[in-house]
Each structure stands twice: as C-alpha cells, then as structure tokens.
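# Coordinate inspection notes
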Amino acid sequence: MTILTNGGLNRRRFLQTTAATAMAATLPLGGAMAAPKRGGHLRVGKAHGQTTDTLNPGTWENGFTIGMAFAIHGRLTEVKADGSLAPELAESWEATPDAKSWRFKIRQGVKFHSGKDLTPEDVAASINFHRGENSTSAAGPLVAPVENISIDGDTVVFDLSGGNADFPFILSDYHLTIHPAKDDSIDWESGDGCGSYILKNKNFGVSCQMERNPNHWRDDVAFFDSIEMLALVDQNARTTALVSGDVDVIDRLDLKTVGLLERNQNIKINSVAGTQHFTFAMSTNQAPFDDNNVRQALKYAINREELVEKILFGYGSVGNDVPVGQGQLYYNTELEQKTYDPDKAKWHLKEAGMDSLSVSLSAADAAFAGAVDAGVLFQASAKSAGINIDVVREPNDGYWSDVWMKKPFSAVYWSGRPVQDQMFATAYSCGAAWNDSFWCHDRFEALMVEARAELDSDKRRDMYWEMQDIVSNQGGVIIPMFANYVFATSTKVKTSGDLASNWDMDGERWAERWSFA
C-alpha cells in the first residue's frame, strides 16, 4: 500500500511511511497555539437560510446549512486553514499504488450526541446515502466512482472505478457528514451528529441554536458555550444587527459600506481571497442558450473589470469563465483572458444567425450581494452588442429552490472547491445534481475521468488545462469575477490565526475555531 494521508502537508506531496501517518493522526488539529478561553454565547447573522432548508445532508447548499453542518456533524477528513488535509473521524488512510482502493481507519472512542458509539458501519451507511442511480444528493457525483464499500475491522475500504489521488479531499465535502446508521440508511432527521456542537433547536429560514458538546473527542475546538445562528438574508437587517450589537458576526458584507464599518472601533473587517466566484448560469438545454455562439456572445458582452470595481469594490479579481482560482494547483495560466468586446459578441451572434438577442436574467441578493446591480451593469454593457437583457428581481426566500436551476438564466454564487475534480464533478459533470447550466461535453467528461486517475502531475496539469479551456469557451456558465470572502466580527470575537479560504468565514469552521477574546 502507498500512504497518501497527511496531517498538515500540502496535497501535492504524499507521505511514504505509516509512521508519518500515525504521527499526523496524533497531532492537535488546531495547531500548537495556546487554547483560547471557553465560554459565552455567540450570535451569528448569516446571509443565507430559507424555509425550504432541511437536515438532509444531500440538500445542503447555502451558508446557513453549511455552517450548521460543520458544527454538529463530523466528516472523515478536514481541510485546514492552510489548505492542507488532516484526519478527522478517520484516524489515518492509505491507498494502493494506483489510488483505486482506499482504506480509512476509523477513530475509536467517538460518540454521537445521542451517546451511540461511532462505528465503521455508520461511516459506510453515511457515504452510501449519497450513492446509487436514484440518488438526488448534490454529492452524488463525488461518490459516483465508488464501486464498493466494505468493512475490515475498524477500517472502511473504498474500491473505486478508477484511481483518484484526491479522494481523501473529496471526503471532506460538507455533504459527506457521518450519521448513525438506521434501517439500511442513516438517521438524518434527528440531527444526531458527532460534531463539537449539539443542535438544540431549529426553525429553518429563521434561526438555529446549538450548545457545545461536552463529550466531544477533541479538546482543541468549540470554545463557545452556545451559538445562535440567524438567517438574516436582508443586507440592511444583517448590517444593522452587527452595528447595534444584536449579533457578534455577519458574513457577506455590503461592500459599498465596508469603509463606514471600518470606522467603528467595535467592529473588525476580514477579507480573504479564495475560491469564491459569482456566476450567471445559462440553461444549455434550452434555446437560445443551447447555441454556443449565443453563450460566447454573452461572455464577451459583459464588462468584467467594471463588475469587480462596482460590485466587489476591489475585493476580488476578474474571472475567466472557469471555476478555478488563480492560486489553485493546475490553474491554466495560458488561457486567454476574455475582455469586454461588443464587436466580438456581435460576431458570435451573427454566427448564431441572429442580429440581436433578448433574454431575461433572474437575480436576487440571495444569489450574492449586489447580484441585481450586477445584472443591471451587464444589461448596460450588453446593449452595445445588440443584446437586450431584462433583469428580473426575484424574491430572496426560496431563490435556491424556486429560481436557481429553474429559470434559464440566473445569478449564482459558488464557494469553489479545494481541488478541481471536486468542483468539476459537482457542477460541470453531465447529469450532476448541481450542474446548473445542464451542460454536457463528451471530451470534458473523458478528461475528467482520466485526470482523476492520473498520478503524474505534468500529465494531470495538461488535462486540467484543456478542461478549463473547454469550460471557458464552450461551457454554459459566465464567471466574470472571483470575490474575496468579506465578513465582519465584533472585536469581542477572537478568530483563528490564518483564516481558511476554502469556504466563507474561516472555511465555515468558525464554530470550532473562534472564541471570545
């Protein structure tokens, strides 16, 4: 067996000895810094949360449910603040040389909130919950390569259809939480987890309350006695709650008012560049978006620099219609950057047999702060290309259930993923539950499978570069900008040292990593 686990090393490197694996499993995941003090009640205002949210892990898709999931549930692996991978409920892992078979040793002594001991059977059932032809889970594409799951003592064995060097990273996904096995499935309805906080009450679309788990297996996380998370989708309500002291933390600041908030001595502004990107998704299974020339025309009709300046106020960077950040491994540095070019947009329209184009674009602040304004700017820039965009302001509540992937052209935000295979499989693979452009491309699909199994870094890079070229120039998603994670805390809140960039608010591990000063 080849050891592919790590407890703080970057995924580019493979540990070669089981001794290193054992050492990684015994190191504190929170680092060597002195533990923060415990106590207090944290109040968090989230820009997400809707009445249609559930406790079903296959349905989680917004900052409210993700934050809750990381607090009350555990996963096999954890992405640390520096982007490296560490063991969580898996004590260690190893793979065959071809990365097709993976063995995860399950940590002993872990209990669910109900008092039940964590077992390998719980792990197997939890991953199987997302598998199968009838799965509607958003994580279905991530575990689709898993052909068989078996148990060998305290170890869960995953046999894959092909090699996957990123498989341990895949298992850190927030959907792939571990629940008690029940009746050939899992018990997700009760909210019983083995995370560092216990879910005490929930009213989706409004709030949830959590209390620290006194029997958690780790003593270097979870420093608040209790947490109340509020769904404050309205930007003004969220900001007012922070300024008035009704909450201690808010995410997704109104970037127009960041300068004003910075003047408040009781508030700290945090800005973290990462993988978050804002998009406009086109349903490629519907006219006119089924014509790639139409899609290309729209991509050249948007002024990306203007959006970064006027929507992000500089807290971000220009996107190039690929869901890969410039700092990520295998980012295509040679892909030609698209710029605002009305003449080229007109050329593509003519190639599509059109002199002009009229489309409706659905947007709401639930998609991302300033989404409607971004649509209006897009509308203005597209006019010079003979494109008329009718910007439809949609309700915030129910946006993700009633608008996203229901309306043919809509504003969307994505937090990105730590590895490209995870991002591509989640949102660009043909038939994936969250493929919000309903896009299918044979060459892309073939490359995705090949790249996943390729262990030669140079060959893998070439494949991912070609995939990015295909997505940028033939895909159904416009990605005009990458947005920093910008959130604010009361000065009473002490964040961890380096803030994670894989999700908003310290990788959405704020419940575990932060404390009161």
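Residues numbered from 1 in each chain as written. Predicted model: local features only at pLDDT ≥ 70, side-chain atom pairs only at ≥ 80, totals over all residues. Heavy atoms only, no water.

### Regarding the state of the cysteines
Scanning the entire structure with this criterion turns up 1 disulfide. Between the sulfur atoms of C430 and its disulfide partner C440 the distance amounts to 1.9 Å. An S-S torsion of about 70° defines the bridge between C430 and C440 as right-handed. Placement of the pair is C430 in the loop between α13 (420–427) and α14 (442–453) and C440 in the loop between α13 and α14, with a sequence separation of 10 residues. Residue classification places C430 among the partly exposed positions, given a relative accessible area of 39%. Not part of a disulfide, C194 finds its nearest cysteine sulfur in C208, a span of 17 Å. (Disulfide = S-S within 2.5 Å. Helix = DSSP H or I, 4+ residues; strand = E, 2+ residues; numbered from the N terminus. Buried < 20%, exposed > 50% of the residue type's maximum accessible area, 1.4 Å probe, protein only.)

### Some remarks on helix α3 (residues 120–128)
An α-helical turn contains 3.6 residues, so any two residues separated by three or four positions project in the same direction. In terms of residue burial, α3 counts as a mostly covered element, since 7 of its 9 residues are buried. Those residues of α3 hidden inside the fold are in contact with β5 (101–106), α4 (140–143), β6 (146–152), β7 (155–160), β8 (181–182) and β9 (185–186). (Contact = heavy atoms within 4.5 Å.)

### Points about the sheet that holds β5
Taken in spatial order, the 4 strands make up an open sheet running β4-β5-β7-β6, and their pairing is antiparallel. The strands lining the two open edges of the sheet, one partner per strand, are β4 (90–95) and β6. For this sheet, the mean angle separating the axes of adjacent strands, direction not counted, is 20°. With 5 bridges connecting them, β5 and β7 associate as antiparallel partners. Bridge pairing in β7 links S101 to D159. Across the sheet, α3 is in contact with β5, β6 and β7; its angle to β6 comes to roughly 170°. (Pairing = 2+ DSSP bridges. Axes fitted to C-alpha atoms, helices over the stretch in contact; angles between N-to-C directions.)

### What to know about the nonpolar core
Among the nonpolar cores identified, the biggest contains 156 residues, and F158, L298, F368 and F378 are the most heavily contacted of them. In terms of residues, this core owes the most to one element, helix α2 (residues 63–72), which gives 7 residues. (Core = buried A, V, L, I, M, F, W, Y, C linked by side-chain atoms within 4.5 Å.)

### Examining the packing of aromatic side chains
Note on aromatic pairs: each is described by the distance of the centres and the angle between the planes. In total, this model carries 26 aromatic pairs according to the counting rule given. Ring geometry for W404 and W414: centres 6.3 Å apart, planes at 70°, overall edge-to-face. Of this pair, W404 sits in the loop between α12 (399–403) and β19 (409–414) while W414 sits in strand β19, and the two are 10 residues apart along the sequence. Summarising the burial analysis for this pair, W404 and W414 share the class buried. Joined through ring pairs, the aromatic side chains of F278, F280, F289, F368, F378 and F409 make up one cluster. A cation sits over an aromatic face here: R252 above Y413, 5.1 Å from the ring centre. (Phe/Tyr/Trp six-rings, centres within 6.5 Å; stacked < 30°, edge-to-face > 60°. Lys NZ or Arg CZ within 6 Å of the ring centre and 35° of its normal.)

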